[in-house]
Amino acid sequence: MHFEDSDFAKNFKYVKVVSKFGTYYLLDDFFILEVNEGEHFNWDKLNDLLTSLRDYYGNHKTLAYIANRIHSYSIDPVLWSYFDKDDSILIAASIVSYRDSSFMNANIEKQLASIPLKRAHSLGEAINWVQQLEEFN
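Residues numbered from 1 in each chain as written. Predicted model: local features only at pLDDT ≥ 70, side-chain atom pairs only at ≥ 80, totals over all residues. Heavy atoms only, no water.

**Some words on the overall build of the chain**
In terms of helices and strands, the chain carries 4 helices and 8 strands. A compact globule built from 137 residues would reach a C-alpha radius of gyration of about 14 Å, and the chain, at 14 Å, matches this within 12%. Across its three principal directions, the C-alpha atoms of the chain cover 35 × 35 × 30 Å. Sorting the 137 residues of the chain into buried and exposed places 45% on the buried side. Long-range contacts, defined as pairs at least 24 residues apart, comprise 67% of the intrachain contacts of the chain with a sequence gap of at least 6. In the form shown here, the chain has an accessible surface area of approximately 7200 Å², with 47% of it arising from carbon and sulfur atoms. Between the mean site of the 13 positive side-chain charges and the mean site of the 20 negative ones, the chain shows a separation of 2 Å. (Helix = DSSP H or I, 4+ residues; strand = E, 2+ residues; numbered from the N terminus. Rg over C-alpha atoms; globule rule 2.2 N^0.38 Å. Buried < 20%, exposed > 50% of the residue type's maximum accessible area, 1.4 Å probe, protein only. Contact = heavy atoms within 4.5 Å. Areas by Shrake-Rupley, 256 points an atom, 1.4 Å probe, with all protein chains shown as cover. Lys, Arg positive; Asp, Glu negative; His and termini not counted. Charge placed at Lys NZ, Arg CZ, Asp CG, Glu CD.)

Set out below in structure tokens:
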């Protein structure tokens, strides 16, 4: 389910950003990314995203990331190793998988991630997990 079509969109204040590779929603302590169908999310797209996040939140904000995988796309799994908890604005992530193949890919990504990564079956599960992170409480 798209974030904007969910009840969560009614309960949170957010800023919507549409980019060439997808749409993301900027909330207080986390952001949700929905990558476009057929994209390959690579280093260049990650840099564009991180620049946008720093422009909006500043350099010292810590965030959680929710990958709402409503579309089929590929990602360079090595990107997960980039996020060092001590040197990144991202402190945790959740991958929402709606298909078994996407959930299996998330298992591989979890092994490569240098930050806590939760695999979720719904947007609600991911948002609830992010909201319970001790860094935000």
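Having seen it, we continue.
**Digging into the packing of aromatic side chains**
In total, this model carries 9 aromatic pairs according to the counting rule given. Aromatic side chains F3 and Y14 sit 5.0 Å apart centroid to centroid with 80° between the ring planes, which places their arrangement in the edge-to-face category. Highlighted residues: F3 in the segment before helix 1 (8-11) and Y14 in the loop between helix 1 and strand 1 (15-18), separated in sequence by 11 residues. Y14 gets classed as partly exposed once you look at its relative accessible area, which sits at 28%. Cluster of aromatic residues (ring-pair linked, three or more members): F3, Y14 and Y25. (Phe/Tyr/Trp six-rings, centres within 6.5 Å; stacked < 30°, edge-to-face > 60°.)

**What to know about the sheet that holds strand 5 (residues 63-69)**
Spatially, 1-2-3-5-7-8 is the arrangement adopted by the 6 strands of the open sheet, whose pairing is mixed. At either margin of the open sheet sits one strand with a lone partner, and together these are strand 1 and strand 8 (117-120). On average, adjacent strands in this sheet sit at an angle of 20° to one another, irrespective of strand direction. In terms of strand pairing, strand 7 (residues 90-97) meets strand 8 through 4 bridges, oriented parallel. Note on strand 8: the bridge partner recorded for I95 is R119. Against the sheet, helix 3 (residues 100-112) makes contact with strand 5, strand 7 and strand 8, and its axis sits at roughly 170° relative to strand 8, the strand it touches most. (Pairing = 2+ DSSP bridges. Axes fitted to C-alpha atoms, helices over the stretch in contact; angles between N-to-C directions.)

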